[in-house]
Each structure stands twice: as C-alpha cells, then as structure tokens.
Amino acid sequence: MASFLVTVRLGKNPAHNPREKKTGPCPVNGKPCTDVTGEHHTFLTDDAGLSAEEVREIYQVTHHVTRVEAV
C-alpha cells in the first residue's frame, strides 16, 4: 500500500498571517490543519496501487497540485 504526501496551492487569502496561524479543519480535506488560511496545504493520503502521477491527476481535478511524494 502506497502513501503519498500531496501539497496543493489554494488562492491567496487576505486573512492569512503567517505569524498568527489559525488552526481548524483543513479547507482541502477537512482534517485538522495547522494553518487554515495558508496558501499551501500538505496532507497524507493512502491510495493503494496508484502511482504518484495517478494521485496527482485525482487531486488536480479540484486543486492546483504542487507536489506529490511517496512516503
């Protein structure tokens, strides 16, 4: 079973302040997030039997994917 770290980029958020991060549900997958207003979000996913490129294609449908790494 392969696990991947997927990083996506969201649009700029005027409420984002890197010195005062806001925790809460991630806008990408709803799981706990260390900075909900940030522009980049990285999350772990288990996509058994898929390649990194196939995982990229899945998330590229709804988000701008900047990186996919096997872990």
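As a starting point, this report considers the structure included with it. Everything quoted here is computed from the prediction, not taken from an experiment.

What follows concerns the side chain of Glu 39. Within the element layout of this structure, Glu 39 appears in the loop between strand E3 (32-33) and strand E4 (40-46). Taking the relative accessible area as the measure of exposure, Glu 39 reaches 17% and is therefore buried. Polar side-chain contacts of Glu 39 include one of 3.1 Å to the side chain of Lys 12. Sequence-distant contacts of Glu 39, that is, excluding residues within four places in its chain, are made with Val 8, Arg 9, Leu 10 and Lys 12.

This part covers the sheet that holds strand E1 (residues 3-9). Taken together, the three strands give an open sheet; going across it, the order is E4-E1-E5, and neighbouring strands pair in antiparallel fashion. The sheet is open, and its two edges are formed by E4 and strand E5 (64-70), each paired on a single side. Looking at each pair of strands side by side, their axes are set apart by 20 degrees on average, direction ignored. In the sheet, E1 pairs with E5 via six bridges, with the strands oriented antiparallel. Looking across to E5, one finds that Arg 9 is bridged to His 64. Strands in contact with helix H1 (residues 52-60) are E1, E4 and E5; relative to E5, the strand with the most contacts, it is inclined by about 150 degrees.

Rules used in this analysis
- Residues numbered from 1 in each chain as written.
- Predicted model: local features only at pLDDT ≥ 70, side-chain atom pairs only at ≥ 80, totals over all residues.
- Heavy atoms only, no water.
- Helix = DSSP H or I, 4+ residues; strand = E, 2+ residues; numbered from the N terminus.
- Buried < 20%, exposed > 50% of the residue type's maximum accessible area, 1.4 Å probe, protein only.
- Polar contact = N/O pair within 3.5 Å; in protein donor to acceptor, adjacent residues only side chain to side chain.
- Contact = heavy atoms within 4.5 Å.
- Pairing = 2+ DSSP bridges.
- Axes fitted to C-alpha atoms, helices over the stretch in contact; angles between N-to-C directions.

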